[in-house]
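Here's the letter readout for the chains.
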Amino acid sequence: MSRQVVGQLVDRWLNDPEFRKQVRQDPEGAIQASGLVLSPEEWTAVRSLDWKLSDEELKTRANNVG
């Protein structure tokens with residue numbers, strides 16, 4: 001993932017409880033609805049994340065991608 005997209009995704013995750021809830025239920029749908037534009041490689045990375053991890057674990061993993 002590009003650092004910019006990761007930053008936007010993590011920022012939204014941390015600061016928007018409703019977005020976090022939506023992502024946990026439907027990651028692809030929530031991210032698409034958010035307006036973030038991801039490349040095919042970024043979508044692969046999103047699909048590889050375990051969205052059931054704690055917020056801190058997800059932040060760490062997302063920041064280590066890309």
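Residues numbered from 1 in each chain as written. Predicted model: local features only at pLDDT ≥ 70, side-chain atom pairs only at ≥ 80, totals over all residues. Heavy atoms only, no water.

Close inspection of predicted coordinates is inappropriate in any region flagged by low pLDDT. On average, residues of the protein carry a pLDDT of 83, and 88% of them reach 70 or more. Across the protein, the secondary-structure element scoring lowest on mean pLDDT is helix α5 (residues 55–64), at 74, and the one scoring highest is helix α3 (residues 27–34), at 93. (pLDDT = per-residue confidence, 0-100. Helix = DSSP H or I, 4+ residues; strand = E, 2+ residues; numbered from the N terminus.)

On to the nonpolar core, then. Judged by nonpolar contacts, the single largest core of 15 residues is most densely connected at Leu9, Ile31, Leu38, Val46 and Trp51. Of all the elements in the fold, those that place two or more residues in this core are α1 (3–15), α2 (17–25), α3 and α4 (40–48). With three residues, the single largest contributor to this core is α1. When near neighbours in sequence (up to four residues on either side) are disregarded, Trp51 contacts Leu9, Trp13, Val23, Arg24, Pro27, Val46 and Leu58. (Core = buried A, V, L, I, M, F, W, Y, C linked by side-chain atoms within 4.5 Å. Buried < 20%, exposed > 50% of the residue type's maximum accessible area, 1.4 Å probe, protein only. Contact = heavy atoms within 4.5 Å.)

Inspection of every chain in the model, using the stated rule, returns two salt bridges. Among the ionic pairs, Arg12 bridges to Asp16, the shortest N-O distance being 3.0 Å. The class of Asp16 is partly exposed, set by a relative accessible area of 22%. Between Arg47 and Glu28 there is a salt bridge, with the nearest N and O atoms lying 2.9 Å from each other. Of this pair, Arg47 sits in helix α4 while Glu28 sits in helix α3; the two residues are 19 residues apart in sequence, bridging distant segments of the chain. (Salt bridge = Lys/Arg side-chain N within 4 Å of Asp/Glu carboxyl O.)

This part is about the packing of α2 against α3. Between α2 and α3, the shortest axis-to-axis distance is 5 Å and the interhelical angle comes to 135 degrees. In terms of axis orientation, α2 runs oblique to α3. Listed contacts from α3 to Phe19, Gln22, Val23 and Gln25 of α2 are Pro27, Ala30, Ile31 and Ser34. Within the contact of α2 with α3, the residues separate by chemical class into five nonpolar, three polar and no charged. (Axes fitted to C-alpha atoms, helices over the stretch in contact; angles between N-to-C directions. Parallel < 35°, antiparallel > 145°, perpendicular 65-115°, else oblique. Nonpolar A, V, L, I, M, F, W, Y, C, P; charged D, E, K, R; others polar.)

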